[in-house]
Amino acid sequence: MVPLRREVSASYAFVERNFRAVRRYWGWEVVFLFHSIVSALTVAYIAPGGVVVAGQQFDADRLILFLVVGTVVWAYLDSVFDSVAFMVSWERWEGTIESTFMAPIRRVTFIAGSSAFAVLYSFARAVVILVVVALFFNLDLAAANWVGAFAVLAIGSLGLLGIGIMAAALPLLFLERGSQMTVVVQASLLLVSGVYYPVEVLPDWLEWFSVISPATYVLDAMRAAVLDGVTLVDLLPHFGPLMLITVVTMPAGVWVFGWAERYALRHGRLKRSG
Amino acid sequence: MQPAVSIDHLVKHFDPAGVGGAWRRALGRPLKDPIVALDAINLHVQRGEVYGIVGSNGSGKSTLARVIATLLLPDSGSVQVFGHDVQREARTVRRFMNRVSVEASFFKKLSPLENLTFTARIYGLPHGEAHQQIFEILKRLDIEAKAIRRPMDQMSRGQQQKVAVARALLTSPVLLILDEPTTGLDPRSKREVQDFVREVRDTHDATVILMTHDMDEAEQLCDRLAVIEKGRILIEDQPSALRREGETLEDAFIRLTGHAVEVDEPDAAADGGGG
């Protein structure tokens, strides 16, 4: 139990340190949050704008809610992915990668700590975005099933974390290109996951990729919970694919990370300069 | 008595092609020759010893430091720290070892207190005890009280390096690897860091391995010295025994290697930039 407690405490060290770093970079945090809020508002205004452009009435309120759920959930998922996928790049950028990797902790402890920070930080951001966006629109959230929505977010985060951990390993293999590849993965998830539209509108070959994106299922289930107030029991079928993705990507992510670390240790790629 | 560090026939090459090498090989394209960073190194450091490794940039010092510090896997040979293999028992080795490198590697926007609290947590030190220890060590290193809570990017490089030494000491290592700890520091900061190394040597039951290209520093601090050149140990002895009559240690280095110590070599990058 003592070693486990020590690993949990070490995991918490990453959460605490990263939140302290966020506080120190507060100016940038405010700017990025402002950018996310403005982006969410811009997307949400497409709904009433659509009524004007199309010149015919449709349920703009439902479309606003559809888009708001999409933008806020994506803001959360994107932030989770970003924080996890760049955990190695961040350490390298700060120059701490060698001292962190030399610490007598399991690598999974580092991954767990970075992931816990990613979830907490991203959730806090998403709540702020939702609250601010809600001030601009008359959102009808009376039917929303918040317990279900929370459960979807919790389970959905795990699958995305698995992919994020795999992406985090890329900078261990490719010093600079690894981070570039991570951005490509992130952008691709945005395209295929149905953030601003149902995935059915995508061409068939592109729609196929939505099947393997956990974000697709999170968004579907979240809309069912928030827009239609679907009960927790009725949400269960949505959890199946998310759990399957988690079961595959989480161990795969940890394994890939370990393999990439061994590669980096063998080829002197831990540190950027060599 | 079991040595603190035993290195036998240690070999390390770097493939300049990196990940692309596999593609080049598959496509039948010519590959660059691997860089020999460490070439059959044999070295034994006794407990409580301050052991210096001197060499030019690119000679293999930092590569050797990284292998001992479990940050680089050797191609062949064996490296043991207090009887534990650095490859197979990396986590055990990490528990009683720490390293101070040429760059003070911290989250620079965080304060010394925040950075050291992080270290204390990942090394499993009790929070209250660690907090007290952090203040004591930083005070001993003459870090001003008000600087302890300020971002580290507001400190001089010398001060940052002292915090790096403090971080290493906080974990009570029985093996301390100092990889060019005073390079680039102003004379005063350099002297302060060197004084602290002496203090560690005199008051802690620690073994110190010092990688440096500063011959005065090596002579002042080390019980024994090894001269490393192109990944090979040329000679190993007490500093006084390396010098001939009338020679400085730098003269001895030039005699042994054929060049002055400040030489920059092209493989420095592959070596981790430090040498």
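Note that the coordinates shown come from a computational prediction; the quantities given were computed from them, not determined experimentally. (Residues numbered from 1 in each chain as written. Chains lettered and ligands numbered in written order. Predicted model: local features only at pLDDT ≥ 70, side-chain atom pairs only at ≥ 80, totals over all residues.)

### As for the domain arrangement of chain B
Residues and elements named next belong to chain B. The assigned domain composition of chain B is domain 1 (1–94 + 184–202 + 209–275) and domain 2 (97–172). For domain 1 versus domain 2, the distance between C-alpha centres works out to 25 Å. On the domain 2 side, the residues contacting the 14 residues of domain 1 number 12 residues. Mapped by element, the contributors of at least two residues to the side of domain 1 that touches domain 2 are α3 (90–95) and α7 (187–203). Ranked by residue count, the leading element in the side of domain 1 that touches domain 2 is α7, at five residues. Residue composition of the side of domain 1 that touches domain 2, grouped by class: eight nonpolar, three polar and three charged. (Domains from an automatic or database assignment. Contact = placed C-beta atoms within 7 Å. Helix = DSSP H or I, 4+ residues; strand = E, 2+ residues; numbered from the N terminus. Nonpolar A, V, L, I, M, F, W, Y, C, P; charged D, E, K, R; others polar.)

### Some remarks on the sheet that holds strand β5 (residues 84–85) of chain B
Residue and element names in this part refer to chain B. Spatially, β2-β1-β4-β5 is the arrangement adopted by the four strands of the open sheet, whose pairing is antiparallel. Two strands close off the open sheet at either side, each with one partner strand: β2 (35–45) and β5. Pairing of strand β4 (residues 76–81) with β5 involves two bridges; the strand directions are antiparallel. From the neighbouring strand, glutamine 80 faces β5, where its bridge partner is aspartate 85. (Pairing = 2+ DSSP bridges.)

### Examining the interface of chain A and chain B
Often, the extent of an interface is quoted as the loss of accessible area on bringing the components together. In this complex, chain A contributes 30 residues to the contact, which on the side of chain B involves 33 residues. At nine residues, helix α1 (residues 2–24) of chain A tops the list of elements feeding residues into the side of chain A that touches chain B. Class assignment for the residues of the side of chain A that touches chain B results in 14 nonpolar, eight polar and eight charged.

### Quick notes on helix α12 (residues 232–267) of chain A
Residue and element names in this part refer to chain A. If you check α12, its first and last C-alpha atoms are 49 Å apart, about what 36 residues at 1.5 Å a residue would give, namely 52 Å. Along α12, the sharpest change in direction is near 40° and occurs at histidine 238; proline proline 241 comes one to four residues later. Of the residues trailing α12, glycine 268 is marked for its positive phi of about 65°. (Expected span 1.5 Å × (residues − 1). Bend = angle between axes of the 7 residues up to and from the residue.)

### Considerations on helix α4 (residues 112–122) of chain B
Residue and element names in this part refer to chain B. Burial of α4 is extensive: 10 of the 11 residues sit out of reach of the surface. Among the residues making up α4, those that are buried are Pro112, Glu114, Asn115, Leu116, Thr117, Phe118, Thr119, Ala120, Arg121 and Ile122. The positive-phi residue at the C-terminal boundary of α4 is glycine 124, with phi of around 70°. (Buried ≥ 20, exposed ≤ 12 C-beta atoms within 10 Å, placed from the backbone.)

### Re the packing of helix α8 (residues 146–173) of chain A against α12 of chain A
All names here are of chain A. Relative to each other, α8 and α12 sit at 20°, their axes nearing to 7 Å. One finds that α8 runs roughly parallel with respect to α12. For the pair α8 and α12, the crossing hand works out as left-handed. Considering only residue class, the contact of α8 with α12 consists of 27 nonpolar, eight polar and one charged. (Axes fitted to C-alpha atoms, helices over the stretch in contact; angles between N-to-C directions. Parallel < 35°, antiparallel > 145°, perpendicular 65-115°, else oblique. Left-handed = near helix turned anticlockwise from the far one by under 90°.)

### Here's the deal with the confidence of the model for chain A
On average, chain A scores 91 in pLDDT, and the residues at 70 or more come to 98%. Put simply, helix α9 (residues 177–192) of chain A is where chain A has its lowest mean pLDDT, 87, and helix α7 (residues 107–136) of chain A is where it has its highest, 96. (pLDDT = per-residue confidence, 0-100.)

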